Amino acid sequence: LHRELLLSATWRQSSECDASRAQADPQNRLLSHMNRRRLEFESWRDAMLAASGVLDLRSGGPSADVDDPQNRRRTIYATVHRRDMSTTLSIHDFPDPTQHSPIRSATTTSLQGLYALNGPLLTQQSDALVTRLNNERGFDDHARIERAYWLLYSRAPTQREVDLGLSFLGGASGQTGNRDATWQQYAHVLLASNELLYVE
């Protein structure tokens, strides 16, 4: 049954929708295309750790605090305290562990946006991503931008995206004189983008 479902044309659809399908099925009741779906926090965090090259894929073992900077294991192994809930998990719609919760509510709040901009997780992962790009592509900005897009979005950047990246990196580094800091800011933006957060 799983094979039937996963190999079906409906399951394998993209979320791209042309005008004729949008007009014929505006609410997508006929499943003319896939609805965009936001990743849950656990999948989003794991995707960032994988892209930056620090994800620890060991199975089993003790759980660890999700907010611990040394915790690089999959988020499924994060410790959940019933009475002292992690702020990070609670901001990202983790259900109340003291109550039965058949489905996770999905919210979009300003706290989530502020976390993406200022939270320690994205800062740490942007540093790790820059280190990985330096190790894999040296100091060729064009090659690093292309590698970053493949790692994060599984696609090559468009020419416009490359131009924007090079413009930012060239302009900002000229002002600050610190290439790593500029690259860290650029990587931070890529990690916080909707393209990484949503399944297309």
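This section reports on the structure supplied with the text. Because the structure is a prediction, the values reported are computed rather than measured. (Residues numbered from 1 in each chain as written. Predicted model: local features only at pLDDT ≥ 70, side-chain atom pairs only at ≥ 80, totals over all residues. Heavy atoms only, no water.)

**Overview of the overall build of the protein chain**
Here is the rule we go by: The secondary structure listing takes helices from DSSP runs of H or I that are at least 4 residues long and strands from runs of E that are at least 2 residues long, numbered from the N terminus. Working definition: with a 1.4 Å probe on protein chains only, accessible area under 20% of the residue-type maximum means buried, over 50% means exposed, and in between means partly exposed. Every accessible area reported is derived by Shrake-Rupley at a probe size of 1.4 Å, with residue values counting cover from the shown protein chains alone. Note that His is not counted, nor are the chain ends; the positive residues are Lys and Arg, and the negative ones are Asp and Glu. Charge positions come from single atoms, namely NZ of Lys, CZ of Arg, CG of Asp or CD of Glu.
Of the regular secondary structure elements, the protein chain holds ten helices and two strands. Starting at the N terminus, the α and β elements of the protein chain follow one another as α-α-β-α-α-α-α-α-α-α-α-β. Its C-alpha atoms put the protein chain at 55 × 50 × 35 Å along the principal axes. The proportion of buried residues among the 200 residues of the protein chain is 34%. Carbon together with sulfur atoms contributes 53% to the accessible area of the protein chain, which is approximately 12,600 Å² in total. The centroid of the 22 positive side-chain charges in the protein chain is displaced by 4 Å from the centroid of its 24 negative side-chain charges.

**Regarding the packing of aromatic side chains**
Just so we agree on the cut-off: Aromatic rings from Phe, Tyr and Trp, taking only the six-membered ring of Trp, are treated as a pair when their centres fall within 6.5 Å; an angle between ring planes under 30 degrees marks them as stacked, one over 60 as edge-to-face, and anything in between as tilted.
If you walk through the whole model with that rule in mind, you get four aromatic pairs. Residues phenylalanine 41 and tryptophan 44 carry aromatic rings whose centres are separated by 6.3 Å and whose planes lie at 70° to one another, so their mutual orientation is edge-to-face. With phenylalanine 41 and tryptophan 44 both in helix H3 (residues 41–51), this residue pair falls three residues apart, about one helical turn. Taken together, a centroid distance of 5.2 Å and an interplanar angle of 75° make the contact between tyrosine 149 and tyrosine 153 edge-to-face. With tyrosine 149 and tyrosine 153 both in helix H7 (residues 141–153) and four residues apart, this pair spans about one turn of that helix. The residues tyrosine 149 and tyrosine 153 share a single accessibility class, namely buried. Through successive ring pairs, a cluster of aromatic residues spans Phe168, Trp183 and Tyr186.

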